[in-house]
Amino acid sequence: MGAGVVRGAGGVVPTTLDDVLARTRTSKSQLFHYFPSGKDELLVAVARFEAGQVLADQEPHLGRLDSWEAWARWRDAVVERYEEQGDQCPLGSLLHRIGRTTPGTRAIVTGLLRTWQESLAAGIRALQAADLLPGDVDVETRAAALLAAIQGGVSILLSTGESGHLRAALDQSIADLRRDGDPARPRATAG
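In short, a report on the structure.

Definitions and cut-offs
Residues numbered from 1 in each chain as written. Predicted model: local features only at pLDDT ≥ 70, side-chain atom pairs only at ≥ 80, totals over all residues. Heavy atoms only, no water. Salt bridge = Lys/Arg side-chain N within 4 Å of Asp/Glu carboxyl O. Helix = DSSP H or I, 4+ residues; strand = E, 2+ residues; numbered from the N terminus. Buried < 20%, exposed > 50% of the residue type's maximum accessible area, 1.4 Å probe, protein only. Polar contact = N/O pair within 3.5 Å; in protein donor to acceptor, adjacent residues only side chain to side chain. Contact = heavy atoms within 4.5 Å. Axes fitted to C-alpha atoms, helices over the stretch in contact; angles between N-to-C directions. Parallel < 35°, antiparallel > 145°, perpendicular 65-115°, else oblique. Left-handed = near helix turned anticlockwise from the far one by under 90°. Nonpolar A, V, L, I, M, F, W, Y, C, P; charged D, E, K, R; others polar. Expected span 1.5 Å × (residues − 1). Arc of directions from axis to C-beta.

Points about the pattern of salt bridges
Scanning the model with the defined rule gives seven salt bridges in all. Residues Glu 83 and Arg 167 are paired through a salt bridge, measuring 2.8 Å at the closest nitrogen-oxygen approach. Separated by 84 residues along the polypeptide, Glu 83 in helix α4 (residues 68–85) and Arg 167 in helix α8 (residues 164–180) bring together distant segments of the chain. Given the relative accessible area of 31%, Arg 167 is considered partly exposed. Taking the shortest distance from any N to any O, the salt bridge between Arg 179 and Asp 176 comes out at 2.2 Å. With Arg 179 and Asp 176 both in helix α8 and three residues apart, this pair spans about one turn of that helix. On the accessibility criterion, Arg 179 (37% relative accessible area) is partly exposed. One salt-bridge network, in which partners are shared between bridges, spans Arg 75, Asp 76 and Asp 171.

Set out below in structure tokens:
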């Protein structure tokens, strides 16, 4: 059968369905029972799993962004995850291999980014609830900017193998957010 990709110790590597069958000790009939459409359906399922891992690797921090210390722990977890990953992105490799137009792939990426942004927004609201940020901070815009900063930093890391831009993007985004919570800083008024 055609080549696919599988995440292994060395990252995502080209593999065949026969390799998958051997590694999982399953038969073709078992594989096609669970994945009747074959290789693409299997790879979409793996991509869905990898998308879930992006968020799971940030827990429990992502779900507890209720203090500046919690944001620092989350930031460290994000940087650590991507530094360990290096210039190999299992999800990106899978999506490249199966194509962004394969049914389900766009939904996987959209769902991942939506959930991630919603988690960041919940963290910003938690800071507001703890009186660490004023209520007039635009939560959705800040969450979107944070996610864009992460993705930009990760994109550069994937191209260069270096995490400096990711670190800078996260540090600056969190510093900007924290500055909004500084009571000594004059607040902009709508008008």
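After that view, the rundown keeps rolling.
Observations regarding the side chain of Gln 58
Its location among the elements puts Gln 58 in the loop between α3 (39–56) and α4. Overall, Gln 58 belongs to the buried group, its relative accessible area being 1%. A distance of 3.1 Å separates a polar atom in the side chain of Gln 58 from a polar atom in the side chain of Trp 116. Every residue in contact with Gln 58, bar those within four places of it in the chain, is listed here: Trp 74, Val 78 and Trp 116.

Considerations on the packing of α4 against α8
Packing of α4 against α8 leaves a shortest axis separation of 10 Å and a crossing angle of 165 degrees. As the angle between them shows, α4 and α8 are arranged roughly antiparallel. As for how α4 packs across α8, the hand of that crossing is right-handed. Across the interface between the two elements, Trp 68, Trp 71, Trp 74, Arg 75, Val 78, Val 79, Tyr 82 and Glu 83 from α4 touch Leu 166, Arg 167, Leu 170, Asp 171, Ile 174, Leu 177 and Arg 178 from α8. Residue classes in the contact of α4 with α8 are distributed as ten nonpolar, no polar and five charged.

Examining α8
Here α8 contains 17 residues, and its C-alpha end-to-end distance of 24 Å stays within 8% of the 24 Å for a straight helix at 1.5 Å per residue. Three or more residues of α8 are buried, namely Leu 166, Ala 169, Leu 170, Ser 173, Ile 174, Leu 177 and Asp 180. Here the buried residues of α8 occupy an arc of 115 degrees about the axis, which is enough to place them on one side. Tucked inside the fold, the buried residues of α8 contact α4, α6 (105–129) and α7 (139–160).

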